[in-house]
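Observations on chain architecture
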Amino acid sequence: MKKTLLITGGAGFIGSHVVRLFVRKYPEYRIVNLDALTYAGNPENLKDIEHAPNYVFEKGDITDEQLVPALFEQYRFDGVVHLAAESHVDRSITDPLAFIKTNVFGTANLLNAAKNAWKDHFDGKRFYHVSTDEVYGSLGKEGYFTETTAYDPRSPYSASKASSDHFVRAYQHTYGLPTLISNCSNNYGANHFPEKLIPLAIHNIKNKKPIPVYGKGENVRDWLWVNDHARAIDVIFHNGNIGETYNIGGHNEWTNIDLIRELCRIMDKKLNRKAGESAELITFVKDRAGHDLRYAIDSSKLQRDLGWEPSLQFEEGLEKTVDWYLNNQEWLDNVINGAYQDYYTKQYVEREQ
Ligand code: NAD
Ligand code: TYD
């Protein structure tokens, strides 16, 4: 094995696409996936590669001060791609402390373990922290977030991610830890937990349940296909300049209401419903507290310096995503009824004995 990499949060939505890409593209790497399997982590997301010879799953918590240094000692990681986080804004509003614990303390715990394990041997090492555009706050109708936009987080989720970004930079400046950060816009695609807008809407449209749209549906998000985010993470991890930040985005802004209408149109066709039938499910509900109006990313640095660009048009990506959910009802049922916990016991715990 040429390198051993630690990927955290690899059983989640984006992490599972990153793990799959790395395991398949780099057979010479050993990929260790550390994931606590919270409600958002699902080993079924990685069913197709779980037996790959270069893949290891470690169930554990990034906030564990014994476990994380022990894993560095055991595997002698050459690099870290850190995705594990509490990731849902609505949950951060009801339980902010869980976000501080995982996103802030968990990240600091990983940084500290990397610093201690790699001390004086930083050559060739990389600690890559995956973050969000939400750290920059909220835009008005004009403008884009660039890498130099001042941080202005406004939800407990974005404040915890901003704080973790600051710790990453502090470890780079203070200790010389070789770090990289990327801040990405909203992702969509397969294996997205159905508490987030797009999978929740697909699920509700399919089951003819109300589609909850917060406020007037005028908030704008810049949507990127999750596989394009995974490709960007690959490019940045391997070719990014140490100490730098890269913004990742799709140049693909949609108001929530237009996005939901587009989804309804696609699903009317796929489900042989009459045009306009699904849109009748749209239900405007009480707005999210402190709801950020608009996110939009300027990703020209990543495109110019590292040659990355999104591969898919949104309409095509949305159709692929709808197809994936319609063809993977079992995945959705398991996620919703918690049966994937049984899957984990079968796949990992029983096998250990
Ligand atoms: P997710 O919620 O789908 O997955 C998070 C994963 O982390 C899960 O597998 C969960 O089990 C694991 N995890 C949570 N707490 C843990 C802990 N204490 N120890 C170990 N594992 C733990 O999240 P996601 O949408 O895949 O996001 C992944 C990363 O990308 C996050 O850091 C998020 O901030 C960032 N990000 C997400 C988006 C997006 O649109 N989803 C956009 C930009 C950046
Ligand atoms: P979400 O998928 O939670 O991502 P984020 O809040 O990180 O951008 O929400 C995307 C947008 O959709 C956001 O403006 C909130 C809105 N939204 C709804 O209108 N209804 C919903 O049921 C959800 C979950 C989100």
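The text that follows walks through the structure, step by step, so that each part is easy to find.

Procedures and definitions
Residues numbered from 1 in each chain as written. Chains lettered and ligands numbered in written order. Predicted model: local features only at pLDDT ≥ 70, side-chain atom pairs only at ≥ 80, totals over all residues. Heavy atoms only, no water. Near = heavy atom within 4 Å. Polar contact = N/O pair within 3.5 Å; in protein donor to acceptor, adjacent residues only side chain to side chain. Helix = DSSP H or I, 4+ residues; strand = E, 2+ residues; numbered from the N terminus. Areas by Shrake-Rupley, 256 points an atom, 1.4 Å probe, with all protein chains shown as cover. Nonpolar A, V, L, I, M, F, W, Y, C, P; charged D, E, K, R; others polar. Domains from an automatic or database assignment. Phe/Tyr/Trp six-rings, centres within 6.5 Å; stacked < 30°, edge-to-face > 60°. Buried < 20%, exposed > 50% of the residue type's maximum accessible area, 1.4 Å probe, protein only. Lys NZ or Arg CZ within 6 Å of the ring centre and 35° of its normal. Expected span 1.5 Å × (residues − 1). Contact = heavy atoms within 4.5 Å. Axes fitted to C-alpha atoms, helices over the stretch in contact; angles between N-to-C directions. Parallel < 35°, antiparallel > 145°, perpendicular 65-115°, else oblique. Left-handed = near helix turned anticlockwise from the far one by under 90°. Pairing = 2+ DSSP bridges.

1. Details of the site of ligand 1
The immediate surroundings of ligand 1 are formed by 28 residues, with Ile-14, Asp-35, Ser-87, Tyr-157 and Lys-161 found nearest. At a separation of 3.5 Å, an oxygen atom of ligand 1 approaches a polar backbone atom of Leu-37. Lys-161 places a polar side-chain atom, nitrogen or oxygen, 2.7 Å from an oxygen atom of ligand 1. Mapped by element, the contributors of at least two residues to the shell around ligand 1 are α1 (13-25), β5 (126-132) and α5 (156-175).

2. Comments concerning the site of ligand 2
For ligand 2, the set of nearby residues contains 16 residues, the closest of which are Glu-134, Pro-212, Arg-221, Arg-288 and His-291. Here Glu-134 contributes a side-chain N or O atom positioned 2.7 Å from an oxygen atom of ligand 2. Tyr-214 has a polar backbone atom sitting 2.8 Å from an oxygen atom of ligand 2. Computed on the free molecule, ligand 2 has an accessible area of 510 Å², of which 96% lies beneath the protein chains in the complex. A per-element tally of the shell around ligand 2 places strand β8 (residues 211-214) first, with three residues. Class assignment of the residues belonging to the shell around ligand 2 gives a composition of six nonpolar, five polar and five charged. Counting only domains with at least three residues in the shell around ligand 2, you end up with domain 1 (3-188 + 224-248) and domain 2 (197-220 + 253-289 + 313-346).

3. Brief notes about the packing of aromatic side chains
Geometrically, a pair of aromatic rings is defined through the distance of the ring centres and the angle of the planes. For the coordinates displayed, the defined rule picks out 17 aromatic pairs. Seen in terms of ring centroids, Phe-99 and Tyr-157 are 6.3 Å apart; in terms of plane orientation they differ by 85°. Their pairing is edge-to-face. Of this pair, Phe-99 sits in helix α4 (residues 96-118) while Tyr-157 sits in helix α5, placing them 58 residues apart in sequence. Note on accessibility: Phe-99 and Tyr-157 belong to one class, buried. Here Tyr-136 and Tyr-151 contribute two aromatic rings whose centre-to-centre distance is 5.6 Å and whose plane-to-plane angle is 85°, an arrangement assigned as edge-to-face. Within this pair, whereas Tyr-136 is found in the loop between β5 and α5, its partner Tyr-151 is found in the loop between β5 and α5, the two being separated by 15 residues in sequence. Residue classification places Tyr-136 among the buried positions, given a relative accessible area of 3%. We classify Tyr-151 as partly exposed; its relative accessible area is 22%. In textbook terms, an aromatic cluster arises when at least three aromatic residues are bridged by ring pairs, as seen for Phe-22, Tyr-26, Tyr-29 and Phe-237. Over the ring of Tyr-39 we find Arg-91, and its NZ or CZ is 3.4 Å from the ring centre. Directly above the aromatic system of Tyr-175 lies the positively charged group of Lys-115, at a separation of 4.5 Å from the ring centroid.

4. Brief notes about α5
Taking 1.5 Å as the rise per residue, α5 with 20 residues should run 28 Å; its terminal C-alpha atoms sit 28 Å apart, in good agreement. Burial in α5 covers these residues: Tyr-157, Ser-158, Ser-160, Lys-161, Ala-162, Ser-163, Ser-164, Asp-165, Val-168 and Tyr-171. Buried residues along α5 sit in contact with α3 (89-94), α4, β5 and β6 (179-184). Positioned one or two residues after α5, Gly-176 has a phi angle of 80°, which is positive.

5. What about the packing of α1 against helix α7 (residues 226-239)?
Running from amino to carboxyl end, α1 crosses α7 at an angle of 55°, the nearest separation of the two axes being 9 Å. It follows from the interaxial angle that α1 and α7 lie oblique. The hand of the α1/α7 crossing is right-handed. Seen from α1, the contacting residues are Phe-13, Ile-14, His-17, Val-18, Leu-21, Phe-22 and Lys-25; seen from α7, they are Val-226, Asn-227, His-229, Ala-230, Arg-231, Ile-233, Asp-234, Phe-237 and His-238. Residue classes in the contact of α1 with α7 are distributed as nine nonpolar, four polar and three charged.

6. Things to note about the sheet that holds strand β4 (residues 79-82)
The sheet built from seven strands is open, its strands ordered β3-β2-β1-β4-β5-β6-β11 with parallel pairing. Lying at the two open borders of the sheet, with one neighbouring strand each, are β3 (55-59) and β11 (245-248). Neighbour to neighbour, the strand axes of the sheet diverge by 20° on average, direction disregarded. Bridging between β5 and β6 involves six bridges; their strand directions are parallel. Note that in β6 the partner of Val-130 across the bridge is Ser-182. Each of β1 (3-8), β2 (29-35), β3 and β4 is contacted by helix α2 (residues 67-75), which is oriented at about 170° to β2, the strand it contacts most.

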